[in-house]
Amino acid sequence: MKAAGLVKTWSERDVYAAAQERFDMLYKRFDTVVVSFSGGKDSTVCLHLALEAAAANGKLPVSAYFWDEEAIHPETIEYVERVRARDDVKLTWLCLPVKHRNACSRTTPYWYCWDPEQKPLWCRPIPQGAVTSAHWFRKGMTIPEASPYVYGRQYGTVCDIRGIRADESLRRLMSVMNRMEENWLQGARLGYNYPASPIYDWSVVDVWTAPMQHGWDYNRAYDLFYKVGVPFNDMRVCPPFGEEPLGALYRYAICWPELWDKMVRRVPGAATAARYSRTKLYGFGDQTLPEGVTSWREWCQRMLVLYPEPYRGLIAAKVASVIQMHKNKTARPIPEDTADPLSGLSWRFLANLVQRGDMKGRRQGKLNDAALKQMAQQGFTLAQLHAMEHDVSTRY
Amino acid sequence: MTSAPATESPQITDFSFQPVSRVEWVHRSELKANDYNPNHVAPPELDLLLVSILADGWTQPIVTLPDLTIVDGFHRWTLAGDPRMEALYGGFVPVVRIQLDPVHSRMSTIRHNRARGIHGILPMAKIVTQMIQEGIAPEAILEGLGMEDEELSRLATQVGMPELAGTMGFTKEWTPGKKPV
């Protein structure tokens, strides 16, 4: 944790005025400003703030790029089409075989949207005018890897605007708490591409207040999310088969039946995940050891074998790195069931990690929580636990 | 389904071989549950099932093995003991018996439960909105469709997200700063 001790400090002006100033600065400082546009609510705010600042600086039309991830809501497509039709927006619509996580399946943990080899399975045809090949793109790149090339070096210094907000997760909060000045601007990728998060301090209410006050158009998928009971903070347009959205996969079936008909055959495991993603089969909720397995450690090893290479190796490496993290913190062996009070680790946790096939380590934050909880339960302070590590008599 | 037969289809008039042509009325005490049914019906849906049978009557028979072990219809059979049902049907339930081995009776149970669709949310919203426009009381919709207020109000809302979520003013800007001492 860099610059620990920095805390949120509120100022007098509101987030809209602050963001206006940030966008204006970006248009003055960078050769090219481009909005990474997902069709979601946050990038809608960015697009409109960019339109305002670009107009004020004589830099219309606003450049934007959209990664079309194939299995996307019809409302998103309609909305992005409306944006593309605007005279003051120059939108690059990208339909490239980007690598995506498929958390539905053990045997096929990735899928590639618009994969030419799977054309008969595509959820929809490629929209007219979309970019379907690029000299800088090769199949298997991820969106973060490929994005800096959409507006390449020939555009000079490029500011890449994203609608990332600190409210969304601890990880995102940490990413803007590094320093006091220009905390929302990152260093250059590849020497010229500067990611920026100029609406980092916006709340979800702010994000909806802006279109409310200004009458902006927006993605109608959100109206549907509301109808099916999604809480405001959980409404996201994102690829459907990844770790986090998996629990809501069934929503596609009730919201977009025609799309779902295609999705269910698009990636292996989709139908199974739609039915069971919120159950133990997908590592959701409290796990119990299956009959005949005597320990979480054994279960962990047994499940690992179920993955084909190279994924088995990747997950094994993930497990090894988490175990190393434990060893760096304590000399205690990894407990079976209850979390270690310093590392938060247990074989039960590792078994869950293996079951999810979590190669990104998205659940790691839970370790800290588990450690803190266990520490409180055992009645130790952090200092006492650290002292035990150096006290020969309490070492294992 | 079309009501008129297609020109190519054979002219079949005898349907007596079909299970539904052999429905018999059996007293519920003669039926017994199977020991494997994985289907669980939560209380709101069980209430709705009762509403459904009371409103429409018996529209589908319970499927059993020859010895009256239930293959499909366990929850309807349970509800047949409800006093309101007893009053109407005297504890009798419509039954069709089919001959199945133990494996296929399990398969049949699961198929009866799984081979069904899911309601699209927009068509549901449209129906609910139409009912309200036609002057049906919300209470009647809640009862008739087995919904909570929450579901009905979400389905029926015509207001968009900006109006729903963006009614407050903007919050204040914040930046990372030193902890005040």
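Residues numbered from 1 in each chain as written. Chains lettered and ligands numbered in written order. Predicted model: local features only at pLDDT ≥ 70, side-chain atom pairs only at ≥ 80, totals over all residues. Heavy atoms only, no water.

Caption draft 1: Summary view of the overall build of chain A. Scanning chain A from terminus to terminus reveals 15 helices and eight strands. For chain A, the C-alpha radius of gyration of 23 Å lies close to 21 Å, the compact-globule estimate for 396 residues. Principal axes of the C-alpha set define a box for chain A whose edges measure 70 × 55 × 40 Å. Total accessible area on chain A stands at roughly 18,600 Å², and carbon and sulfur atoms take up 53% of it. A distance of 5 Å separates the average location of the 51 positive side-chain charges in chain A from that of its 43 negative side-chain charges. (Helix = DSSP H or I, 4+ residues; strand = E, 2+ residues; numbered from the N terminus. Rg over C-alpha atoms; globule rule 2.2 N^0.38 Å. Areas by Shrake-Rupley, 256 points an atom, 1.4 Å probe, with all protein chains shown as cover. Lys, Arg positive; Asp, Glu negative; His and termini not counted. Charge placed at Lys NZ, Arg CZ, Asp CG, Glu CD.)

Caption draft 2: View of helix α9 (residues 257-266) of chain A. Residue and element names in this part refer to chain A. Taken together, the buried positions of α9 are occupied by Leu259, Trp260, Met263 and Arg266. Axial view of α9: buried residues confined to an arc of 115 degrees, hence all on one face. Pointing more than 90 degrees away from the buried face of α9 are the exposed residues Glu258, Asp261 and Arg265. (Buried < 20%, exposed > 50% of the residue type's maximum accessible area, 1.4 Å probe, protein only. Arc of directions from axis to C-beta.)

Caption draft 3: Region of the structure containing helix α4 (residues 143-150) of chain A. Within α4(A), the full set of buried residues consists of Ile143(A), Ala146(A), Ser147(A), Pro148(A) and Val150(A). The inward-facing, buried residues of α4(A) abut β3 (62-67), β4 (89-94), β5 (99-101), β7 (158-161) and β8 (193-196) of chain A. (Contact = heavy atoms within 4.5 Å.)

Caption draft 4: Summary view of a nonpolar patch on the surface. Together, Val20(B), Val23(B), Trp25(B) and Phe92(B) make up an exposed nonpolar region whose accessible area comes to about 390 Å². Along the chain, Val20(B) turns up in the segment before β1 (24-27). (Patch = residues over 30% accessible without salt bridge, like charges linked within 9 Å, V, L, I, M, F, W, Y side chains within 5 Å. Salt bridge = Lys/Arg side-chain N within 4 Å of Asp/Glu carboxyl O.)

Caption draft 5: Structural detail: the sheet that holds β7(A). All names here are of chain A. One open sheet accounts for five strands, arranged β4-β3-β2-β7-β8; its pairing is parallel. Strands with a single pairing partner mark the edges of an open sheet, and in this sheet they are β4 and β8. Strand-to-strand twist across the sheet, computed as the mean angle between neighbouring axes with direction ignored, equals 25 degrees. Across three bridges, the pairing between strand β2 (residues 32-36) and β3 is parallel. Residue pairing for β3: Val35 is matched across the bridge by Ala64. In the packing of helix α3 (residues 74-84) onto the sheet, the strands contacted are β3 and β4, and the crossing angle to β4 comes to about 140 degrees. Each of β3, β4, β7 and β8 touches α4; the most contacted strand, β3, lies at about 150 degrees to it. (Pairing = 2+ DSSP bridges. Axes fitted to C-alpha atoms, helices over the stretch in contact; angles between N-to-C directions.)

Caption draft 6: The arrangement of the sheet that holds β1(B) in detail. All names here are of chain B. One open sheet accounts for four strands, arranged β1-β4-β2-β3; its pairing is mixed. Where the open sheet ends on each side, the last strands, each with one partner, are β1 and β3 (70-72). In this sheet, neighbouring strand axes are inclined to one another by 50 degrees on average, regardless of whether the strands run parallel or antiparallel. In this sheet, β3 lies alongside strand β2 (residues 62-64) in antiparallel orientation, the contact comprising two bridges. Bridged to Thr64 within β3 is Ile70. Contacting β2 and β3, helix α4 (residues 102-114) crosses the sheet at an angle of about 35 degrees to β3.

Caption draft 7: Layout of the confidence of the model for chain B. The share of residues in chain B with pLDDT of 70 or more is 96%, and the mean pLDDT across the chain is 91. The ipTM, which scores confidence in the relative placement of chains, is 0.76 for this predicted complex, and the corresponding pTM is 0.77. (pLDDT = per-residue confidence, 0-100.)

Caption draft 8: Main features of the interface of chain B and chain A. Opposite the 30 residues of chain B that make contact, chain A presents 51 residues. With both chains or domains summed, chain B and chain A bury close to 3,700 Å², and 64% of this area falls on carbon and sulfur atoms. Among the residues chain B hides against chain A, the three largest losses belong to Phe170(B), Glu173(B) and Trp174(B). Together they make up 25% of the total. The interface formed by chain B and chain A contains two salt bridges. For the salt bridge of Glu173(B) with Arg22(A), the shortest nitrogen-to-oxygen distance reads 3.2 Å. Taken together, the connections running from chain B to chain A amount to 17 residue pairs in polar contact (both at pLDDT 80 or more). Contributions of two or more residues to the side of chain B that touches chain A are made by α5 (121-133), α7 (149-156), α8 (161-165) and β5 (172-178) of chain B. For the side of chain B that touches chain A, the element with the most residues is β5(B), which contributes seven residues. Along the lines of polarity and charge, the residues of the side of chain B that touches chain A split into 14 nonpolar, nine polar and seven charged. Examined bridge by bridge, strand β1 (residues 6-14) of chain A and β5(B) share six bridges and lie antiparallel to one another. Its bridge partner lying in β5(B), Leu6(A) is registered against Lys178(B). (Buried area = accessible area lost by both parts, 1.4 Å probe. Polar contact = N/O pair within 3.5 Å; in protein donor to acceptor, adjacent residues only side chain to side chain. Nonpolar A, V, L, I, M, F, W, Y, C, P; charged D, E, K, R; others polar.)

Caption draft 9: Quick peek at the state of the cysteines. What the rule picks out here adds up to zero disulfides over all chains. Just so you know, Cys46(A) is unpaired, no disulfide at all, and the nearest cysteine sulfur is the one on Cys159(A), 10 Å from it. (Disulfide = S-S within 2.5 Å.)

Caption draft 10: Structural detail: the confidence of the model for chain A. Overall, the prediction assigns chain A a mean pLDDT of 87, with 92% of residues at 70 or greater. In the predicted structure, residues 392-396 of chain A sits below a pLDDT of 50 and forms six contacts with residues beyond four places in sequence or in another chain.

Caption draft 11: Summary view of the pairing of β4(A). Residue and element names in this part refer to chain A. Among the six residues that make up β4, five are buried, leaving the element largely enclosed by the rest of the structure. Alignment of β3 against β4, held across six bridges, turns out to be parallel. Across the sheet, the residue bridging to Val62 is Val89, located in β4. Each parallel crossover has a hand, and for β3 linked through α3 to β4 it is right-handed. (Right-handed = clockwise from strand over helix to strand, strands pointing away.)

Caption draft 12: Region of interest: the pattern of salt bridges. Residue and element names in this part refer to chain A. Counted according to the given criterion, the structure contains 27 salt bridges over all chains. Lys41 is paired through a salt bridge with Asp42; the nearest N and O atoms lie 4.0 Å apart. The pair formed by Lys41 and Asp42 is uniform in burial state, with each residue classed as buried. Between Asp337 and Arg348 there is a salt bridge whose closest N-O contact spans 2.8 Å.

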